[in-house]
Amino acid sequence: MTDPLTPGTRVGELVDLLTRRGETVATAESLTAGLLAATIAGVPGASKILRGGLVVYATDLKETLAGVDPVSLAADGPVSASTAGGLAEAARVRCTADWGIGLTGVAGPDTQDGHPVGTVFLGIAGAGGHSVLELRLAGDRWGIRKSAVSAAVSELLDRMQETSAG
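Rules of the game
- Residues numbered from 1 in each chain as written.
- Predicted model: local features only at pLDDT ≥ 70, side-chain atom pairs only at ≥ 80, totals over all residues.
- Heavy atoms only, no water.
- Helix = DSSP H or I, 4+ residues; strand = E, 2+ residues; numbered from the N terminus.
- Rg over C-alpha atoms; globule rule 2.2 N^0.38 Å.
- Buried < 20%, exposed > 50% of the residue type's maximum accessible area, 1.4 Å probe, protein only.
- Contact = heavy atoms within 4.5 Å.
- Areas by Shrake-Rupley, 256 points an atom, 1.4 Å probe, with all protein chains shown as cover.
- Lys, Arg positive; Asp, Glu negative; His and termini not counted.
- Charge placed at Lys NZ, Arg CZ, Asp CG, Glu CD.
- Pairing = 2+ DSSP bridges.
- Salt bridge = Lys/Arg side-chain N within 4 Å of Asp/Glu carboxyl O.
- Axes fitted to C-alpha atoms, helices over the stretch in contact; angles between N-to-C directions.
- Core = buried A, V, L, I, M, F, W, Y, C linked by side-chain atoms within 4.5 Å.

So, on to the overall build of the protein. For the protein, the count of helices and strands is 6 helices and 5 strands. For the protein, the α and β elements follow one another from N to C terminus as α-β-α-β-α-α-α-β-β-β-α. Relative to the 2.2 N^0.38 estimate, which gives 15 Å for 166 residues, the radius of gyration of the protein is 15 Å and therefore close to what a compact globule would have. Residue burial in the protein is summarised as follows: out of 166 residues, 51% are buried. Counting contacts in the protein only where the partners sit at least 6 residues apart, residues at least 24 apart contribute 65% of the total. Accessible surface computed for the protein: about 7400 Å², of which carbon and sulfur atoms make up 53%. Both charge centroids of the protein, one from 13 positive and one from 18 negative side chains, sit 5 Å from each other.

Set out below in structure tokens:
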């Protein structure tokens, strides 16, 4: 049986590319609550490239467990570009991975801190620093969370392919 989380994503490509490059990935997840790490783990051979992850659903854990800067967390809030960047860096550093992915956002059903449902911040961290992408996703809670995972996989793949080409 195929893992039910992997269809519709490029996660097989990601695991293959990381494996060929001898690189690793780790996650720090809020709204996806480990769904990204579970999706990566659904690909045979993922144990070679998946270091682990942090589930930091509660705001206080973003600071205490992931080490997101408390000043920026207080100023910008848990659903923000600075938080996503901090989560990505935390995943990379704390799990000693080549790449870190941070996800935070609002899956619904209600808005959070003025952010509408479907607002997601995706951070990708590598040796050259981190970048953050703001996404506006549609759907119910499951659809938003699944779309956030798919976007994270694709964004990391694209960034890795850019670093190969450059």
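There is more to say after this.
Attention now moves to the pairing of strand β4 (residues 119–126). Most of β4 sits out of view: 8 of its 8 residues are buried. Residues T119, F121, G123 and A125 of β4 are buried on one face, and the alternating residues V120, L122, I124 and G126, pointing to the opposite face, are buried as well. Bridge count between strand β3 (residues 99–105) and β4: 6 bridges; the pairing is antiparallel. Bridge pairing links T104 to F121 in β4.

Take the pattern of salt bridges next. For the structure shown, the criterion picks out 6 salt bridges. Salt-bridge contacts for R10 lead to E13; the nearest nitrogen and oxygen are separated by 3.4 Å. Between E89 and R92 there is a salt bridge, with the nearest N and O atoms lying 3.4 Å from each other. In this pair, E89 and R92 both sit in helix α5 (residues 81–94), 3 residues apart, roughly one turn of the helix. Shared partners join several salt bridges into a network, and the residues in it are R10, E13 and D158.

Further remarks concern the sheet that holds strand β1 (residues 25–29). Reading across from one edge, β2-β1-β3-β4-β5 is the order of the 5 strands in this open sheet, with mixed pairing throughout. Each end of this open sheet is capped by a strand with a single partner; those strands are β2 (50–55) and β5 (129–136). Between one strand and the next, the sheet's axes are offset by a mean angle of 15°, whatever the strand orientation. The pairing of β1 with β3 spans 5 bridges and is classified as parallel. Across the sheet, residue A28 finds its bridge partner in β3, namely G102. In the packing of α5 onto the sheet, the strands contacted are β1, β2, β3, β4 and β5, and the crossing angle to β3 comes to about 145°.

Right, let's get into the side chain of T24. Mapped onto the elements of the fold, T24 is located in the loop between α1 (11–21) and β1. A residue is classified by how much of its surface remains accessible, and T24, at 15% relative accessible area, is buried. Each residue touching T24, except ones within four places of it in the same chain, is listed here: L18, K48, I49, R51, T96, A97, D98 and W99.

Turning to the nonpolar core, a few remarks are in order. Ranked by internal contacts, the top residues of the largest apolar core, which has 31 residues, are V25, L36, I40, I101, L103, V120 and L156. Counting residues per element, the ones that place at least two in this core are α1, α2 (35–41), β3, β4 and α6 (141–165). Per-element tally for this core: the top contributor is α6, with 8 residues. Excluding its chain neighbours within four sequence positions, the residues that come into contact with V25 are L18, I40, I49, L50, R51, G52, A97, W99, I101 and L156. If you look at the next biggest cluster of nonpolar residues, it comprises 12 residues, including A28, V56, A66 and C95.

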